[in-house]
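# Results of the structural survey
What follows is each chain in one-letter form.
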Amino acid sequence: MLAILIYRSRICAKSLSFNIDKLVSSASRINKKQGITGVLMFDGTYFLQILEGGAENVDQLYAKIKMDRRHHHIVELMRDYAPRRSFPGNGMAVYDMRSVRSANDLMRELVAIGISRDERMFGFIRAFVSGQWKEKAGRIEETNRWLLTPGRTVPLLSADNSGIYPPCKFALQPIVSPSQNRICSFEALIRSPDGGTPQYYFSSIPENKIHEADIYSKIYAFELASKIGLGDEKISINLLPMSLVDVPGAVDILLGQIRRCNLSPEQVIIEVTEDEVISRFDAFSSEIKRLRSEGFGLAIDDFGAGFAGLSLLTKFQPGSLKIDKCIVENVHADGVKQAVVQAIISCCNDLSISIVAEGVEKTEEWEWLNAAGIKYFQGFLFARPSLNGIPEIRWPVINDNSI
Ligand code: C2E
Ligand code: MN
Ligand code: MN
């Protein structure tokens, strides 16, 4: 199968003096053997390369390219398949953009050397030549600029909820604003009495009791929040949307729990996903209105994970939206994810919704998202969930040795 791969990368400061022609002549020998054709463009700082060839060969070459230390910030922009080559028989065409006058000139030249028109491919070339993508692209620095260092640690509490039906515990994971060195919220994640996952906890409950358990369990989350003592931080809880609909007086039960723990609804954010189908949307919608009128904050959880998507957002607009881990993972190296995140940011800016990036594990992911304008983060990079207490948080600080 014929595969096409487009990536962009940035030259490392140390390789600035390299000779592009020399690089290409050695590479093209290998490419020819592998049957890889395409184009390489360089604008003095960035490369754009289109590779086409047998899918396996392209993958192997791309793996090698990613290991090449002469460039970094390698972002995959497109991976596609086609019935025929766009660069038939031309090997690797090379353009130093500093001597190309305009995008149109280059397009004409490419067409003149027999390159077949592919709208998407030409779109990437045009965008690269115009340089406009740079305004939107989140920038990440050369590696090792940031270190993550432990901050204050709060000793674990030893709350024991065993023996109360339905027995459960909560783990807290902070949602942080690294630029302000501030914790915004603690997300309460349900655990079985022995610390098991939410899935394990809910699997121990009869199906017809799940919504009830979901609502009633929250007393332990609020107790924990009350014990650790919330300052400006909030407590975020997860609810299945239908728990709000199916449990009679759900909002009042939550209000009662909150009052008992000396908290106020303004300190509570309710996270919902479309994890289970919202079968009675009108009823759900009136509970949402009620929650807002009592002062609760709302968040759409797992945005982009398949269930919680644009359609849920058109139905109600929460104060915050949490981008799912599946989009966050390796966003720094994936142009498709970057375009999706840019669209989410633009949409949330228009609607004045704040964004939390979830499941952030790598410094590069945070750096890219931070540069793109996201302010709030949750993930193992900063802190893991901690049973019955607050975990140690690692804050990014500039690594002096990197400068
Ligand atoms: P969620 O609300 O999206 O919660 C975040 C999940 O991602 C948590 O898993 C957390 O441990 C995990 N996580 C956080 N940072 C990272 C990271 O950097 N890498 C990775 N790989 N994972 C990370 P957990 O605690 O297993 O919860 C899973 C899901 O269970 C939650 O996803 C939420 O949808 C659901 N859940 C948790 N508590 C409750 C609850 O009280 N009620 C209901 N209905 N659902 C709950
Ligand atoms: Mn959540
Ligand atoms: Mn989530």
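Residues numbered from 1 in each chain as written. Chains lettered and ligands numbered in written order. Predicted model: local features only at pLDDT ≥ 70, side-chain atom pairs only at ≥ 80, totals over all residues. Heavy atoms only, no water.

## Remarks on the layout of surface pockets
What the largest pocket holds in volume is close to 1000 Å³. Along the wall of the largest pocket there are 34 residues; nearest its centre are Leu189, Pro198, Asn238, Asp301 and Asp302. If you list the elements that add at least two residues to the lining of the largest pocket, you get β7 (169–177), β8 (182–191), α6 (198–203), α7 (210–216), β9 (234–239) and β11 (297–303). In terms of residue count, β8 provides more of the lining of the largest pocket than any other element does, five residues in total. (1 Å grid on protein atoms, 1.4 Å probe; cavity = no way out; pocket = protein on both sides within 12 Å on 5 of 7 lines; lining within 4 Å. Points joined across faces, edges and corners; volume = space filled by probe spheres on them. Helix = DSSP H or I, 4+ residues; strand = E, 2+ residues; numbered from the N terminus.)

## Here we look at the coordination of the manganese ion (ligand 2)
As a benchmark, a tetrahedral metal site with four donors has ideal angles of 109.5 degrees, while an octahedral site with six donors has ideal angles of 90 or 180 degrees. Protein-derived ligands of the manganese ion (ligand 2) are Glu187 (OE), Asn238 (OD1), Glu271 (OE) and Asp301 (OD), with the metal-ligand distances lying across 2.0 to 2.2 Å. Site description for the manganese ion (ligand 2): donor spacing in sequence, E-x50-N-x32-E-x29-D. Here the manganese ion (ligand 3) and the manganese ion (ligand 2) are spaced 4.1 Å from one another, each receiving a donor from Asp301. One end of the pair, Glu187, is in strand β8; the other, Asn238, is in strand β9, with 51 residues separating them in the sequence. (Donors = N, O, S within 2.8 Å, 3.2 Å for Na, K, Ca; no water.)

## Describing the coordination of the manganese ion (ligand 3)
Protein-derived ligands of the manganese ion (ligand 3) are Asp301 (OD), Asp302 (OD), Glu358 (OE) and Glu358 (OE), with the metal-ligand distances lying across 1.9 to 2.3 Å. For the manganese ion (ligand 3), the single-chain donor residues occur in sequence as D-D-x55-E.

## Overview of the nonpolar core
Core analysis: the biggest nonpolar cluster contains 79 residues, and Ile235, Ile237 and Ile270 have the highest contact counts within it. Ranked by residues supplied to this core, first place goes to helix α8 (residues 218–228) with seven residues. Here Ile237 is in contact with Ala188, Lys218, Ala221, Phe222, Leu254, Val268, Ile269, Ile270 and Glu271, once residues within four sequence places are set aside. Counting residues in each nonpolar core, the second largest holds 24 residues, with Val75, Leu77, Met78 and Phe87 among its members. (Core = buried A, V, L, I, M, F, W, Y, C linked by side-chain atoms within 4.5 Å. Buried < 20%, exposed > 50% of the residue type's maximum accessible area, 1.4 Å probe, protein only. Contact = heavy atoms within 4.5 Å.)

## So, the environment of Tyr7
Relative to the helices and strands, Tyr7 resides in strand β1 (residues 2–11). Take Tyr7: its relative accessible area is 3%, and that puts it in the buried class. Sequence separation between Tyr7 and Leu51 is 44 residues; the distance between their C-alpha atoms is 8.6 Å. In terms of polar contacts, Tyr7 uses its side chain to reach the side chain of Gln49, at 2.6 Å. (Polar contact = N/O pair within 3.5 Å; in protein donor to acceptor, adjacent residues only side chain to side chain.)

## Concerning the packing of aromatic side chains
Within this structure, the stated rule accounts for seven aromatic pairs. Geometrically, the ring pair formed by Phe377 and Phe382 is tilted, given 6.0 Å between the ring centres and 45° between the ring planes. Linked through ring pairs, Phe281, Phe284 and Phe316 together constitute an aromatic cluster. (Phe/Tyr/Trp six-rings, centres within 6.5 Å; stacked < 30°, edge-to-face > 60°.)

## What to know about the sheet that holds strand β4 (residues 71–82)
Strand order across the open sheet formed by five strands is β4-β1-β3-β2-β5, with mixed pairing between neighbours. With partners counted over all chains shown, the strands left at the sheet margins are β4 and β5 (92–96), one partner each. Averaged over all pairs of adjacent strands, the angle between strand axes in this sheet comes to 15°, irrespective of strand direction. Looking at chain direction, strand β2 (residues 37–42) and β5 are connected through five bridges and run parallel. Looking across to β5, one finds that Val39 is bridged to Ala93. Relative to strand β3 (residues 46–54), helix α2 (residues 55–67) is tilted by about 150°, and along the sheet it contacts β1, β3 and β4. (Pairing = 2+ DSSP bridges. Axes fitted to C-alpha atoms, helices over the stretch in contact; angles between N-to-C directions.)

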